[in-house]
Amino acid sequence: MKVTEITNLEFGKMVQAASQKLNQNADFINSLNVFPVPDGDTGTNMSLSLASGAKYERDADGTAVGVLATALAKGLLMGARGNSGVILSQIFRGFSKKLADKQTLTAQDLADGFAAGAETAYKAVMKPTEGTILTVVREGAQAGLNTAKSSDDVLAVMDAVYEAAKAALATTPDLLPVLKQVGVVDSGGQGLTFVLEAFNDSLNGRVAEDGEYKPDDAEMDEMIDAAHHQSVQGKLDPNSIKYGYCTEIMVRIGRGKQVDHDFDYDEFYKYLADLGDSLLVVNDDEIVKVHVHTEHPGKVIAWGQEFGDLAKVKVDNMRMQQETIMEHDEEAGVATATADEAPADTAIIAIAAGDGLATLFKSLGVTHVVNGGQTMNPSTQDIVDAINQSQAKRAIVLPNNKNIFLAAEQAAKVADIPSVIVHSKTVSQGMTAMLGYNPDAELEDNQASMEENLSAVKSGQVTHAIRDTQLDGFDIKEGNFMGIVDGTIKVTDADLLQTAVATVKAMLDDDSEIITIIYGADTTADVAEQLQQAVEALDDDLETEVHEGDQPVYPFLISVE
């Protein structure tokens, strides 16, 4: 079989197939994380990023492939999570810009698109590293260009791109020694290879045509979390929440005594869209799940019953929830803005997971906290929303995680106000950076001062291993604890307290004065106090502080200054 062009129909199927492929393989991609910690989220980030792109492509007006590719790239950018998601968005940004005026794609167009995508991705990374997703896209693109020289068959070009990418993926351990040490291929490269495999399978008719991509339960939860970030983030006054009831229903299609409609997705969605915002609707042949923010939860429930019986109903009063949050913050001594207060001239936006961490950041002068971090990287859109809704004149973003750098940088570029990034890799660095902030200084001067402070702190993290591996000279066993200092494993032990104490020892030097211990959701204040006592026993001159952070994954975050 020979195919000489890709129409809008074929392109749409390719994108949806790739989104589904990433969703199905997200856990496998996550398992390729070099560090055996429970935050290996490359697969989740890439899946959610492409799901956003796929939705934009589905909703786009027009039948030209160039228009659809532009929509895909826009959705990928705004939904991009983590560095892997941002790089994927940059690949398709280059792809779409090259093909923006194309009605359909020829073999040469397809090859040129991937080549432009590879070039854009390399430019987006300050220090490109071989043995990563960049190698995979470059090798795949080059193979496409070579094939297009002698063939006008888009199937041949797509097959060449995929096969070369797959071969390049296999070489990543040879290019990046840490991958070989752990015995895995690059996770981002694996994600891209799945995307190209799905494109190839779709063009060759090897993907079932029954389906629009539908998120599973876990992704539905992630999308609901993201919807909450977008609709409530920054709206600290409960009265400013336009739609106050978070409403979720699950309907068993065709069952029940009140059914008088055959299920039609478009009809079902359109009615709900008029009732509120943050609408998510996913379904299969038997179940439809709904999440919406509305003033009329009763109408949502009644509408669901016209299509089936109710398997689940959940309604939360978000205004009441926000009042509770404000009361909690006031009890903790944290200043929160209200509608009657003038917004700060400079918004300082920190990314952090855990109520305690949010409180700590606000006590240091942070104005807004975006919920996210190790286990759930916020999207570009989440950060853009926080910036734009701040009503400030300018913004500073503290990612507090190097995997959020690219999403934060993209957000700063498209935000409505001048915005800069302070490249804090850890929560400890983010807090230390705040000591360099001067509310009377210019934006760029504050950025420079805060960046300079990053080197003044050592960052330690204690977590547990999710698999057996050998790394950094350690034979790590699943379930054991690890002490990580500035990105390098320094300690591993079966006992949490011993691991934490040994981590602090590895961080100390003659200049060490202040030790800050932040304990997370997976440990207790009693264990944190034991750690504090053990640290103080090491050196009488050390000053220690203990705070509750409520962070997931890491029982202890430790800073040494």
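Treat the numbers as computed from the prediction; the structure is a model and nothing was measured. (Residues numbered from 1 in each chain as written. Predicted model: local features only at pLDDT ≥ 70, side-chain atom pairs only at ≥ 80, totals over all residues. Heavy atoms only, no water.)

1. What to know about the overall build of the protein
As a reminder, the rule being used: Under the DSSP-based scheme used, a helix requires at least four consecutive residues in state H or I and a strand at least two consecutive residues in state E, with every element numbered from the N terminus. For every residue, the accessible area obtained with a 1.4 Å probe (protein chains only) is divided by the maximum for its type, and the residue is called buried under 20%, exposed over 50%, and partly exposed between those limits. By definition in these notes, contact holds between two residues if any of their heavy atoms fall within 4.5 Å. Only the protein chains shown count as cover for residues, and the accessible areas themselves come from Shrake-Rupley with a 1.4 Å probe.
For the protein, the helix and strand inventory stands at 20 helices and 16 strands. Per-residue burial for the protein yields a buried fraction of 54% across its 561 residues. Taking the contacts inside the protein whose residues are at least 6 apart along the sequence as the reference set, 72% of them involve residues at least 24 apart. In the structure as shown, the protein presents an accessible area of about 24,100 Å², 47% of it carried by carbon and sulfur atoms.

2. Considering the side chain of Asp201
Counting through the fold element by element, Asp201 comes out in helix α9 (residues 187-203). Taking the relative accessible area as the measure of exposure, Asp201 reaches 17% and is therefore buried.

3. Thoughts on the sheet that holds strand β15 (residues 543-548)
Definition in use: By the convention used here, strands pair only if DSSP detects at least 2 bridges between them. Note on geometry: axes are C-alpha line fits, over the in-contact stretch for helices, and angles between N-to-C directions span 0 to 180 degrees.
Spatially, 6 strands are ordered β13-β12-β9-β16-β14-β15 in an open sheet, and the strand pairing comes out mixed. Each edge of the open sheet carries a strand with a single partner, namely β13 (488-493) and β15. This sheet shows a mean twist of 20° between the axes of neighbouring strands, independent of strand direction. Here strand β12 (residues 481-485) pairs with β13 via 5 bridges, running antiparallel. Along β13, the bridge assignment pairs Ile484 with Ile489. Together, β14 (514-519), β15 and β16 (556-560) form the strand contacts of helix α14 (residues 355-363), whose direction differs from that of β15 by roughly 125°.

4. Re the packing of aromatic side chains
Note on aromatic pairs: each is described by the distance of the centres and the angle between the planes. Keep this limit in mind: Whether two aromatic rings pair depends on their centres lying within 6.5 Å, for rings of Phe, Tyr and Trp, where Trp uses its six-membered ring; planes under 30 degrees apart make the pair stacked, over 60 edge-to-face, and the rest tilted.
For the structure on display, the rule yields 12 aromatic pairs. On the basis of an interplanar angle of 15° and a centroid distance of 6.4 Å, the ring pair of Phe11 and Phe95 is categorised as stacked. In this pair, Phe11 sits in helix α1 (residues 8-30) while Phe95 sits in helix α4 (residues 82-98), placing the two residues 84 residues apart along the sequence. Taking the relative accessible area as the measure of exposure, Phe11 reaches 1% and is therefore buried. Summarising the aromatic geometry, the rings of Phe92 and Phe199 are spaced 6.0 Å apart at their centres and angled 75° between planes, so their arrangement reads as edge-to-face.

5. Looking at the packing of α1 against helix α3 (residues 65-79)
Let me state the cut-off plainly: Throughout this description, any angle smaller than 35 degrees is read as roughly parallel, any larger than 145 degrees as roughly antiparallel, any in the 65 to 115 degree range as roughly perpendicular, and the remainder as oblique. We call a crossing left-handed when the near helix sits turned anticlockwise from the far one by less than a right angle, and right-handed when that turn is clockwise. Put simply, Ala, Val, Leu, Ile, Met, Phe, Trp, Tyr, Cys and Pro go in the nonpolar bin, Asp, Glu, Lys and Arg in the charged bin, and everything else, Gly too, in the polar bin.
Where α1 meets α3, the axes come as close as 9 Å, and the angle between the chain directions of the two elements is 20°. When the interaxial angle is binned, α1 and α3 end up roughly parallel. Crossing handedness for the pair α1 and α3: right-handed. Facing Asn8, Phe11 and Val15 of α1, the residues of α3 in contact are Val65, Leu68, Ala69 and Leu72. Classifying every residue of the contact of α1 with α3 gives 6 nonpolar, 1 polar and no charged.

6. Some thoughts on the packing of α4 against helix α5 (residues 107-124)
Across the interface, α4 lies against α5 with an axial gap of 7 Å and an inter-helix angle of 135°. If you check the angle between α4 and α5, you find them oblique. Where α4 crosses over α5, the handedness of that crossing is right-handed. For the pair α4 and α5, the contacting residues are Ile87, Gln90, Ile91, Arg93, Gly94, Phe95 and Lys98 in the first and Leu110, Asp112, Gly113, Phe114, Ala116, Gly117, Thr120, Ala121 and Ala124 in the second. For the contact of α4 with α5, the residue count by class is 8 nonpolar, 5 polar and 3 charged.

7. Looking at helix α16 (residues 405-414)
Residue pairs spaced three or four apart in an α-helix point in one direction, given the helix's 3.6 residues per turn. In terms of residue burial, α16 counts as a mostly covered element, since 7 of its 10 residues are buried. Within the span of α16, buried status applies to Phe405, Leu406, Ala407, Ala408, Gln410, Ala411 and Ala412. In the core, the buried residues of α16 are packed alongside α3, α4, α5, α15 (380-389), β7 (394-398) and β8 (419-421).

8. Section: the environment of Lys289
Along the chain, Lys289 turns up in strand β3 (residues 287-294). The class for Lys289 is buried, based on a relative accessible area of 15%. Spatially, the C-alpha atom of Lys289 lies 9.6 Å from that of Ala311, the residues being 22 residues apart in sequence.

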